[in-house]
Amino acid sequence: MINTYDHEDAELLVPSVRRVVPVLAELIGRAREADVPVVYANDNFGLWRSHHGELVDTALARPHADLIEPIRPDDESLFVVKARHSVFYETPLAYLLGRLGVGHVVLTGQVTEQCILYSALDAHIRHLGVTVPRDAAASIHPHLEEAALEMMERNMGARITVAKDIDFGRLHTDPEHAPGPSRAHAKRPAS
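Residues numbered from 1 in each chain as written. Predicted model: local features only at pLDDT ≥ 70, side-chain atom pairs only at ≥ 80, totals over all residues. Heavy atoms only, no water.

S.K.: Please explain the pattern of salt bridges as it appears in this structure.
M.R.: Side-chain pairing between opposite charges can occur once the charged atoms of the two side chains come close. A complete count under the given rule lists nine salt bridges for this structure. The shortest N-O distance in the salt bridge between Arg 126 and Asp 122 comes to 4.0 Å. Residue classification places Arg 126 among the partly exposed residues on the basis of a relative accessible area of 36%. Looking at Asp 122, the relative accessible area reads 17%, which means it is buried. Measuring nitrogen to oxygen at the nearest pair gives 2.8 Å for the salt bridge that ties Glu 150 to Arg 154. (Salt bridge = Lys/Arg side-chain N within 4 Å of Asp/Glu carboxyl O. Buried < 20%, exposed > 50% of the residue type's maximum accessible area, 1.4 Å probe, protein only.)

In structure tokens, the structure reads:
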């Protein structure tokens, strides 16, 4: 979500991001209040020397800073710079989550039919539970967004919900939301 919006498809993405940012800001706030780790896994803008502060500053200096400010990382946020679509591909995220004792991830951001889909698959094959709040994930192509959400739910056992229904305490105690082999091949109807 820390994005300069000067890339191909940005004009298709920005309207979806505008709808998502207030929901995402509220969800991040609730996670922080619940002492749930907030991890930003962000593209590097093709600048292999970038660090998270530089990425945030660059995005805030661009015309769509209003989409960044409400969700900007705070001093407690963790930050992983990624090279490709999945937040796990060639990043230390799996190691970080293991060190934090995280067994379930809530994937938000952009783009549902790309980064979130691929990240959900990578989380699933690492035996992590996955929740995707559909209203906290932006898309470029709505018809592909729907297909991606269905794939995550049917093929990866992801819980597809809305942000207001996420109870961070339940993610650790409710078997319906816990990761594990019993959910690995869950076949549930699409939401």
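So, next bit.
S.K.: Explain helix H1 (residues 10-33) to me, please; I cannot follow it from the model alone.
M.R.: Structural remark: α-helix, 3.6 residues per turn; residues separated by three or four positions point the same way. With 24 residues, H1 should cover 34 Å at 1.5 Å per step; its first-to-last C-alpha distance of 32 Å lies within 8% of that length. Its maximal kink placed at Val 20, H1 deviates by approximately 35 degrees, while the proline Pro 22 follows within four residues. When H1 is considered as a whole, its buried residues turn out to be Ala 10, Leu 13, Val 14, Ser 16, Val 17, Val 20, Val 21, Leu 24, Leu 27, Ile 28 and Ala 31. On the buried face of H1, the contacting elements are strand S1 (39-43), strand S3 (104-106), strand S4 (109-110), strand S5 (129-133) and strand S6 (137-138). Just downstream of H1, Asp 35 is the residue with a positive phi angle, here 55 degrees. (Helix = DSSP H or I, 4+ residues; strand = E, 2+ residues; numbered from the N terminus. Expected span 1.5 Å × (residues − 1). Bend = angle between axes of the 7 residues up to and from the residue. Contact = heavy atoms within 4.5 Å.)

S.K.: Explain the environment of Ser 119 here, please?
M.R.: Mapped onto the elements of the fold, Ser 119 is located in helix H4 (residues 112-125). The exposure class assigned to Ser 119 is buried, which follows from its relative accessible area of 2%. Between the C-alpha atoms of Ser 119 and Met 152, which are 33 residues apart in sequence, the distance is 10.0 Å. With near-sequence residues (within four places) excluded, Ser 119 lies in contact with His 85, Ser 86, Val 87, Phe 88 and Leu 107. Only 2.7 Å separates the side chain of Ser 119 from the backbone oxygen of Cys 115, close enough to count as a polar contact. (Polar contact = N/O pair within 3.5 Å; in protein donor to acceptor, adjacent residues only side chain to side chain.)

S.K.: Hey, could you run me through the side chain of Lys 82 in this one?
M.R.: If you trace the backbone, Lys 82 turns up in strand S2 (residues 78-82). Reaching out from Lys 82, the side chain makes a polar contact with the backbone oxygen of Arg 84 at a distance of 2.9 Å. Within the structure, the side chain of Lys 82 is placed 3.1 Å from the backbone oxygen of His 85, a separation counted as a polar contact.

S.K.: I keep staring at unusual backbone geometry and nothing clicks. Help me out?
M.R.: A negative phi holds for most residues other than glycine; trans holds for most peptide bonds. The residue after Gln 110, namely Val 111, is reached through a cis peptide bond having omega 5 degrees. If you check the backbone angles, Tyr 5 has positive phi at about 55 degrees while not being a glycine. At Glu 90, a residue that is not glycine, the phi angle is positive and equals roughly 55 degrees. Examined against the element boundaries, Glu 90 turns out to sit in the loop between S2 and helix H3 (93-100).

S.K.: What's the story with the packing of H4 against helix H5 (residues 142-156) in this structure? I'm lost.
M.R.: Packed helices, taken two at a time, are described by their axes: the angle between them and the distance between them. Two numbers describe how H4 lies on H5: the axes approach to 9 Å, and their chain directions differ by 5 degrees. What the angle tells us is that H4 and H5 run roughly parallel. Here Thr 112, Glu 113, Ile 116, Leu 117, Ala 120, Leu 121 and His 124 of H4 lie close against H5, whose contacting residues are Leu 144, Glu 145, Ala 148, Leu 149, Met 151, Met 152, Asn 155 and Met 156. A per-class count over the contact of H4 with H5 returns 10 nonpolar, three polar and two charged. (Axes fitted to C-alpha atoms, helices over the stretch in contact; angles between N-to-C directions. Parallel < 35°, antiparallel > 145°, perpendicular 65-115°, else oblique. Nonpolar A, V, L, I, M, F, W, Y, C, P; charged D, E, K, R; others polar.)

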